[in-house]
Each structure stands twice: as C-alpha cells, then as structure tokens.
Amino acid sequence: MPNLRDLKPFNDDSIYSFLQNSDAIVSVIHSFRRHTLVKFGGSSLASSNAWQHVFDHIRRSHHNQPLIVVVSAVGKTTRALVGCVHHAAQGRLDEVEQGLNEIWATHKLIALECIQPEEWTALEDWVDHLLSKLHQEAMQMAKELLNHPSPVCSAHGDAILSLGERATSQIFQKVLENVGVPSVWVDAREVIMTDESFGAAKPNRAKIKDAMTQHHSLSSFWATLQEQPPKREIPVPVLGGFMGRSLSGSPTTLGFEGSDLTATLLAEASNAERVTIFTDVNGIMTTDPRIVPNAKHIPTLTYDEAEDLALGGARVLHPQTLVPVVEQSIPVHVRNTFQPDHPGTIIGPQRDSSAHTPFVKEWKAVAMAVTNQADDSSVLTFLHATPDGQSQLRQWSEAYALQLDVDVHGWHLHLPPLAALKSGQNSDSSLPLSLQAIHDIFFP
Ligand code: ADP
Ligand code: ASP
Ligand code: MG
C-alpha cells in the first residue's frame, strides 16, 4: 500500500505523481490514526448551556481520539429560514428581515454567554461582522425569490436555508477556540459536492472523497494524524452540516436532518473509525419518546433496521444517513448530549440480540414510527414485526376496516390523523388507537 513514508526522500517528481493519484492519498489516509466524526444536532445547540455540554464532550474526547465535528444550525433555525424563504417569494421582505434578525440575535446571545465578559468586545465585533455579511447575502437572495413557484427547492432557497449552518458552524468554531480547544473552520460547501436537486440534493460521494482528502484547511489535520507517536494536539476541524454545492457552484442542501448525512458522508470519505450522532434523547427508542414517554431504549440496531425506521418516519435520523457507511461497516453511535454516560444506540452490520434481553421475548416488533400523509391520515410502520405482531395487526385492520400493507420496511397500518393518535381521541372510541396504547401492546 502506498504510504507517504515509502516516497521518502521526496523529490518534485515523486510528490507530483503521488498527488496525481488521489487513490494514493486515500490509502495514506487509511493508514493514519483513525478519527471519529461527531455530529451535534440543532437540539444539542439550542442554548449556551447546551453549547457547554458540547464543549465538555469535545474537550473530554479529543485528547483520546482525533475528532472532526459537524454542527447543525442552532435549534429550529432551519424551520425559521424556511419561513423566510416563503415570505421572500411573496415579496414580504420586512418579514424576512425580522426573521433573520431574530436568528442572528439568538446566535450572538449564545456566543457571548459562552465566554468571559472581558472577552465580549472582540468576539462581538467578529460576530457582528460575520452576521452582517450573511444578512446582506440573504437579503440579496430573498429579492431574487419574488414570485418563485417553488422557492424552497431553488438555488436561492438553498442559499438562504444554508445560512443557519454557515452562521452556527463559524461562530461555534470561534467560540470553541475561545474556550481553549484549538480548531479550524472548514467550509462544508467546498467538500459536500452534490447534484442540483435543490432542497434535497443527492451527494456525489466520489467528489466528496476527493474534496475531503485535498481540502487545504484539512491538510494539517491529515498530516498530524500521521505522526507516530502523536507529537501535537490536533486542531479540531468544524464543518456545518446540511449544506453543499453543486459541481457548477450553486448552493444546495441535503434535505431535512441532512446534517446526519453530512457526518456519514465525511466519515466514508475519510475512513473514520466511527460516527457519533449527538441528539437530545438516549439514542433510538421503540418509538418517538416525545409522543410516547415510556418508549424503550434500543441498545443496538442493524443498518437496515435503522434505515427502515427513518424511512418509516422516525425523525431521529435522515433516511439516507446510513448509506455511505455500510460498505466500510463504520458504526454509527446515537447518543444523548445531555446524558454523556448513557450508552445510546449503536447501529452497525449486526444487532447484538443479547443486548435486548429485558424485553426481547415479548417483542413483536423492533420499533415503530409514524408519519403524516398529505390527506391528513397517518401511517404507522412496524419494523420487522414477528408473526405474533402480524396477526395482531391483521385483526385490527379487519375489525376496523383499516388498510394494512407490507413491504421491506415492515408492516404499515393506515390510521386516523396523527394528532388524534397523539391525544388518543379517535372518533370511534372503541378503537384502541392512541400511539401510547399501541406502543404498550407491542412493547410491554
Ligand atoms: P437533532 O436536533 O439532534 O437532529 P431531532 O429533533 O432532529 O434532533 O431528532 C431527535 C428527536 O427525534 C427526538 O427528540 C425524538 O423526539 C425524535 N424521535 C422520533 N422517533 C424517534 C425514535 N424512534 N427514537 C428516538 N427519537 C425519536
Ligand atoms: N439544519 C437541519 C439539519 O440538521 C435541518 C433540519 O433542522 O432538519 O439538517
Ligand atoms: Mg435531526
């Protein structure tokens, strides 16, 4: 296997032919100390208190293993930006302005609350400068969206949607440095190459690999990884998730929850040892714990199972998240930012069935997820229901004339609107259909 050391002593020809061959660069990277790709979701970044938890994690772990950090936009910023894009298309620029100003104010407040008051002035100047640049860009894009028939699926729409990750990642890196962790900001738009399906762009994994291995801001990261034994602390690269760029240079985004996908794409491109997705729950549960508070923790899942669950509507992961890591069997660990000692869920090639002992015997399904349909009905997906579960579902569908479909993702029961299921108030009160009730039958 080619290795930088094999090429010593360097001369211009050997370096040139080495650089010509990006496979050689990739295989050298494969011989490095391996690193972890860590992603923090918006829910892990929604306040200065949350940022402190994130800094603590980075401080604790980057000494043991080199990290590359991907951050989403703070809290619900992307949702707010979707609102701005719609306002822009309707020509309501004052509302765009107001929406943006609220987003900027949140970012500034969080940044300042993270550092000592004596350092406020310098940081405030820097943040103001960045935000006013982003604001001008946004207003320019907003003007061009007037009367656009599908503004959120356009290049200008994506340019505005990606402002959340641009602001968060740059400010986060600056503050991280300020709290004592050497770091470097890497513009994700120079790495995540995609097609031009605006709003849900498809990544070009080969181009991402090239861009990742050759990016100028990452060269010292790769070089330091190669030091044996390690001689210096490695500055932590910080990238914004969710955003990318088409080959012709237009801004793109990967779709909602796309930051999860950013992390796994970068892990594949750099042969990371693992991906850790930090969120606000203890990993993946039998269903959404915000709807069913007694949802049970799932210690391990296979790639297929986790993907099926995401496709069925579990928003804890972007449905494409696992595609890039399957080939290299890179494990994806879903953990809680706010409970660092909880083991979370490990997604990998195999499920450790012994880890399910407390309730595996009772299980009629691995997990369930629910999505809303355009007609306001909802679909409940049971992941890998066993024969017992199947017969239960069949009885329900026959007794209540509900539609039951089966496909590779599991069993899908077509149900009343999600809101009715959440509250447990259905028009036919004899139907045992609150999500809580269904959950408790399948996951006792
Ligand atoms: P982040 O900001 O970290 O990306 P999200 O809000 O996108 O976080 O995703 C985490 C949320 O996903 C949880 O708070 C939970 O409400 C929801 N969720 C839906 N289904 C599941 C599930 N099966 N397991 C865990 N969380 C789930
Ligand atoms: N910023 C987002 C992301 O993490 C988009 C979203 O909130 O879903 O991908
Ligand atoms: Mg998410």
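1. Digging into the site of ligand 1
Okay, so step 1: The environment of ligand 1 is made up of 19 residues, and the closest members are S43, T279, D280, D288 and R290.
Okay, so step 2: Note that an oxygen atom of ligand 1 is positioned 3.4 Å from one of the side-chain N or O atoms of K39.
Okay, so step 3: R290 places a polar side-chain atom, nitrogen or oxygen, 2.7 Å from an oxygen atom of ligand 1.
Okay, so step 4: A breakdown of the residues in the shell around ligand 1 according to their chemical character gives seven nonpolar, six polar and six charged.

2. Section: the pattern of salt bridges
Okay, so step 1: In this structure the tally under the stated criterion is nine salt bridges.
Okay, so step 2: When the shortest N-O distance is used, the salt bridge between E137 and R166 registers 2.8 Å. In this pair, E137 sits in helix α6 (residues 120-144) while R166 sits in helix α8 (residues 163-178), placing the two residues 29 residues apart along the sequence.
Okay, so step 3: We classify R166 as buried; its relative accessible area is 7%.
Okay, so step 4: A salt bridge links R189 to D187; the shortest N-O distance between them is 2.7 Å.
Okay, so step 5: Note on D187: relative accessible area 9%, which makes it buried.
Okay, so step 6: Here the salt bridges share partners, and the residues they tie into one network are K108, E124 and D128.

3. Remarks on the pairing of strand β1 (residues 36-40)
Okay, so step 1: Of all five residues that make up β1, five are buried, and the element is covered over most of its length.
Okay, so step 2: Neither face of β1 is left uncovered, since the one carrying T36, V38 and F40 and the one carrying L37 and K39 both have all their residues buried.
Okay, so step 3: As paired elements, β1 and strand β2 (residues 67-71) share five bridges and run parallel to each other. Counterpart to T36 in the pairing with β2 is L67.
Okay, so step 4: Traced from β1 through helix α3 (residues 48-62) to β2, the parallel crossover comes out right-handed.
Okay, so step 5: Note that β1 and strand β8 (residues 274-279) share five bridges and pair parallel. Each bridged residue has a counterpart across the sheet, and for T36 the counterpart in β8 is R274.

4. Examining the pairing of strand β10 (residues 332-336)
Okay, so step 1: Of all five residues making up β10, five are buried, and the element is well covered by its neighbours.
Okay, so step 2: Judged by which residues are buried, β10 turns out to be covered on both faces: V332, V334 and N336 on one side and H333 and R335 on the other are all buried.
Okay, so step 3: Bridging between β8 and β10 involves five bridges; their strand directions are parallel. Following the sheet pairing, I277 is matched in β10 by V334.
Okay, so step 4: Where β10 lies against strand β11 (residues 345-348), three bridges are found, and the strand directions are antiparallel. Within the sheet, the bridge partner assigned to V334 lies in β11 and is T345.

5. Structural notes on helix α12 (residues 303-311)
Okay, so step 1: Those residues of α12 that sit buried are Y303, E305, A306, D308, L309 and A310.
Okay, so step 2: Where α12 is buried, its residues contact β9 (300-302), α13 (323-326), β11, β12 (367-372) and β13 (378-383).
Okay, so step 3: In the stretch just after α12, G313 is the one whose phi turns positive, near 120°.

6. Here we look at the site of ligand 2
Okay, so step 1: For ligand 2, the full set of nearby residues is S72, A73, T78, R79, E165, F242, F256, E257, G258 and S259.
Okay, so step 2: Within the side chain of T78, a nitrogen or oxygen atom sits 2.7 Å from a nitrogen atom of ligand 2.
Okay, so step 3: A distance of 3.3 Å separates an oxygen atom of ligand 2 from a polar side-chain atom of R79.
Okay, so step 4: Summarising the interface, the protein chains cover 91% of the accessible area of ligand 2, which totals 270 Å² for the free molecule.
Okay, so step 5: Looking at the shell around ligand 2, the elements that each hand over two or more residues are α4 (77-89) and α11 (258-270).

7. Structural notes on a positive patch on the surface
Okay, so step 1: A cluster of basic residues, K76, R79, R315 and K422, forms a positive patch at the surface.
Okay, so step 2: One can find R79 in helix α4.
Okay, so step 3: Since its relative accessible area comes to 44%, R79 is described here as partly exposed.

About the cut-offs
- Residues numbered from 1 in each chain as written.
- Chains lettered and ligands numbered in written order.
- Predicted model: local features only at pLDDT ≥ 70, side-chain atom pairs only at ≥ 80, totals over all residues.
- Heavy atoms only, no water.
- Near = heavy atom within 4 Å.
- Polar contact = N/O pair within 3.5 Å; in protein donor to acceptor, adjacent residues only side chain to side chain.
- Nonpolar A, V, L, I, M, F, W, Y, C, P; charged D, E, K, R; others polar.
- Salt bridge = Lys/Arg side-chain N within 4 Å of Asp/Glu carboxyl O.
- Helix = DSSP H or I, 4+ residues; strand = E, 2+ residues; numbered from the N terminus.
- Buried < 20%, exposed > 50% of the residue type's maximum accessible area, 1.4 Å probe, protein only.
- Pairing = 2+ DSSP bridges.
- Right-handed = clockwise from strand over helix to strand, strands pointing away.
- Contact = heavy atoms within 4.5 Å.
- Areas by Shrake-Rupley, 256 points an atom, 1.4 Å probe, with all protein chains shown as cover.
- Patch = residues over 30% accessible without salt bridge, like charges linked within 9 Å, V, L, I, M, F, W, Y side chains within 5 Å.
- Lys, Arg positive; Asp, Glu negative; His and termini not counted.
- Charge placed at Lys NZ, Arg CZ, Asp CG, Glu CD.

None of this, on its own, says anything about what the molecule does.
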